[in-house]
Every structure is written in C-alpha cells, then in structure tokens.
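Now for the letters of each chain:
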Amino acid sequence: QVQLVQSGGGLVQAGGSLRLSCAASGRTFSAYAMAWFRQVPGKEREFVASITASGIRTYYGDSVKGRFTISRDNAKNTVYLQMNSLKPEDTAVYYCNQRKTGSATYSRADDDDYWAQGTQVTVSS
C-alpha cells in the first residue's frame, strides 16, 4: 500500500522561503516520477514541478520557474520542494503526487496516481 506523507509548509512573508518534504513508502520509490501540485479553493489544481524517477530531470510550471526547486533523495524515499522568493500568489494547499506508473517528468496527474494529504502554504504580503 503506497503512502505519501508530507511535512513542511506554514506561514511565511513574501520573499521568504519554505521547504516541503514528502516521504513515500509501500513500493520502490526510485522507480517512479514524483511531482508537486497546488490548489486554491475554487480554482483548478495547478502543476508546480515534477522530477524523473532517477532525479536527473526536472520540469516546472511557468509560475514557479526560477524560484522553486524539486529534488529527491531515493535513499530516503523522499521528494522535496524548495520554495524561494515566495509571493502571495503562491498561497495554496500543496500536494505531493507519485506516478502510478512511469518514470518521466509530467505535468498532468492521472486519476490513479497517489497523493499525499496536502499542506497549507500561506504567503503574507
């Protein structure tokens, strides 16, 4: 049974930084791509970043490119999202996602992907 558990997040002032972590268990972590998405109530879920199973390649949404960094530690079964230069418009619930199948980067989640519980990130102006 796949389980994704997020940590991190919280309240930060504009221009500040936060790091999210997502620990996975239940299957071979290093075989699957991972991603972060975010959602604001009343709006569609937005792609943030993804990373290949190996960690060699990353892919970012336009709104976070140059400010956020996705990484993973396959020895620790954990994926990270380092968020720098945060803006009020980054305020959202952030979700860690693991591909049900596949190791390449992606920007759209499939219906059968695995999801963590979500964590609130609030950026004050």
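Source: prediction; values computed, not measured.

Enquirer: Sorry, what's going on with the sheet that holds strand β7 (residues 68–73) here?
Expert: Backbone hydrogen bonds are what pair the strands of a sheet, in a parallel or an antiparallel way. One open sheet holds the four strands; their spatial order is β1-β3-β8-β7, and the pairing between them is antiparallel. Two strands bound the open sheet, and with one partner strand each, they are β1 (3–8) and β7. On average, each strand axis in the sheet is inclined to that of its neighbour by 15°, with strand direction left out of account.

Enquirer: Can you walk me through the environment of A116 in this structure?
Expert: Looking at where A116 falls in the secondary structure, it is placed in the loop between β10 (114–115) and β11 (119–124). Classification of A116 as buried rests on a relative accessible area of 8%. It is 17 Å that separates the C-alpha atoms of A116 and E44, two residues lying 72 residues apart in sequence. What A116 contacts, discounting residues up to four positions off in sequence, is L4, Q6, C22, Y95 and C96.

Enquirer: Just to check I follow, could you spell out the environment of N97 for this structure?
Expert: Position of N97 among the secondary structure elements: in strand β9 (residues 92–98). Given a relative accessible area of 0%, N97 falls into the buried group. With 94 residues separating them in the primary sequence, N97 and Q3 have C-alpha atoms 10 Å apart. Not counting the four nearest positions on each side in its chain, N97 is found in contact with L4, A33, M34, A35, F37, Y106, A109, D113, Y114 and W115. Within the structure, N97 has its side chain in polar contact with the side chain of Y106 (distance 2.5 Å).

Enquirer: What's the story with the state of the cysteines in this structure? I'm lost.
Expert: Linking two cysteines covalently through their sulfur atoms gives a disulfide. Per the stated rule, a full pass over the model turns up one disulfide. Note on cysteine connectivity: C22 is disulfide-linked to C96, with sulfurs 2.1 Å apart. Across the S-S bond of C22 and C96 the torsion is about -80°, and the bridge reads as left-handed. One end of the pair, C22, is in strand β3 (residues 18–25); the other, C96, is in strand β9, and 74 residues separate them in sequence.

Enquirer: Which parts of the structure should I look at to understand the packing of aromatic side chains?
Expert: This structure, assessed with the given rule, holds four aromatic pairs. Judged by centre distance (6.3 Å) and plane angle (90°), the rings of Y95 and W115 are edge-to-face. Of this pair, Y95 sits in strand β9 while W115 sits in strand β10; the two residues are 20 residues apart in sequence, bridging distant segments of the chain. Judged by its relative accessible area of 28%, W115 falls in the partly exposed class. Residue placement shows R45 over the ring face of F37; its charged tip is 5.7 Å from the ring centre.

Procedures and definitions
Residues numbered from 1 in each chain as written. Predicted model: local features only at pLDDT ≥ 70, side-chain atom pairs only at ≥ 80, totals over all residues. Heavy atoms only, no water. Pairing = 2+ DSSP bridges. Helix = DSSP H or I, 4+ residues; strand = E, 2+ residues; numbered from the N terminus. Axes fitted to C-alpha atoms, helices over the stretch in contact; angles between N-to-C directions. Buried < 20%, exposed > 50% of the residue type's maximum accessible area, 1.4 Å probe, protein only. Contact = heavy atoms within 4.5 Å. Polar contact = N/O pair within 3.5 Å; in protein donor to acceptor, adjacent residues only side chain to side chain. Disulfide = S-S within 2.5 Å. Phe/Tyr/Trp six-rings, centres within 6.5 Å; stacked < 30°, edge-to-face > 60°. Lys NZ or Arg CZ within 6 Å of the ring centre and 35° of its normal.

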